[in-house]
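Observations on chain architecture
Okay, here's what each chain looks like letter by letter:
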Amino acid sequence: MIHARRNRLPLLIVTVLTVGAAGLLAPGAAPAKAPASVPAALVIPAGEDAAVPAEQEELADLASALKALAADDPSPDQAMMRQAFATAGFAGESVEVSLDITPTGLAVDSIRGAAVRDGSCLFGEVREGQVAVTVLPVLAAGNCFVGDQR
């Protein structure tokens, strides 16, 4: 009899976990949805603070510089990313750029750069000739990337 109970135990645990997890929701509550993705660009509602559109303009300048870079080289290196940020008006020493080659010597799928401007990080990415830019919060250490990517 004990042997038969041991065989049922995994089934019992799976049943309890499945039924128990379903019971965590309040009656009539819908399951939580996955968080929405980060927008590709900052959108400013009409009538907002005048300081925010300047950030949007910088984001547009960065996107323009990165699009020109991607048109010339769909897989740029770190120096090229730094130059694109400089073209967009960011000081070279303030720009953080991700690695352009892995520690094993392989090419990366994309390269990202970021710079702090007015308490926000303006990020730009080039992936196979495609450009994405966005604004994210500055990390507690004052950088945009985890670790030092200067």
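Residues numbered from 1 in each chain as written. Predicted model: local features only at pLDDT ≥ 70, side-chain atom pairs only at ≥ 80, totals over all residues. Heavy atoms only, no water.

**Side note on the sheet that holds strand β2 (residues 110-117)**
Strand order in the open sheet formed by 4 strands is β1-β2-β3-β4, and the pairing between neighbours is antiparallel. This sheet does not close on itself; its edge strands, each paired only once, are β1 (95-97) and β4 (130-137). The mean inter-strand angle of the sheet, taken between neighbouring strand axes irrespective of direction, is 20°. Sheet analysis places β2 next to strand β3 (residues 120-127), joined by 8 bridges and oriented antiparallel. Opposite Ile 111, over in β3, you have Val 126 as the bridge partner. Docked against the sheet, helix α3 (residues 78-87) engages β1, β2 and β3, running at close to 35° with respect to β2. (Pairing = 2+ DSSP bridges. Helix = DSSP H or I, 4+ residues; strand = E, 2+ residues; numbered from the N terminus. Axes fitted to C-alpha atoms, helices over the stretch in contact; angles between N-to-C directions. Contact = heavy atoms within 4.5 Å.)

**With respect to the nonpolar core**
Core analysis: the biggest nonpolar cluster contains 20 residues, and Leu 62, Leu 66, Met 81, Phe 85 and Phe 90 have the highest contact counts within it. Sequence-distant contacts of Leu 62, that is, excluding residues within four places in its chain, are made with Phe 85, Ala 88, Phe 90, Leu 122, Phe 123, Gly 124 and Val 133. Within the second largest apolar cluster, 5 residues are counted, among which are Ala 114, Cys 121, Cys 144 and Phe 145. (Core = buried A, V, L, I, M, F, W, Y, C linked by side-chain atoms within 4.5 Å. Buried < 20%, exposed > 50% of the residue type's maximum accessible area, 1.4 Å probe, protein only.)

Purely geometric numbers; function is a separate question.
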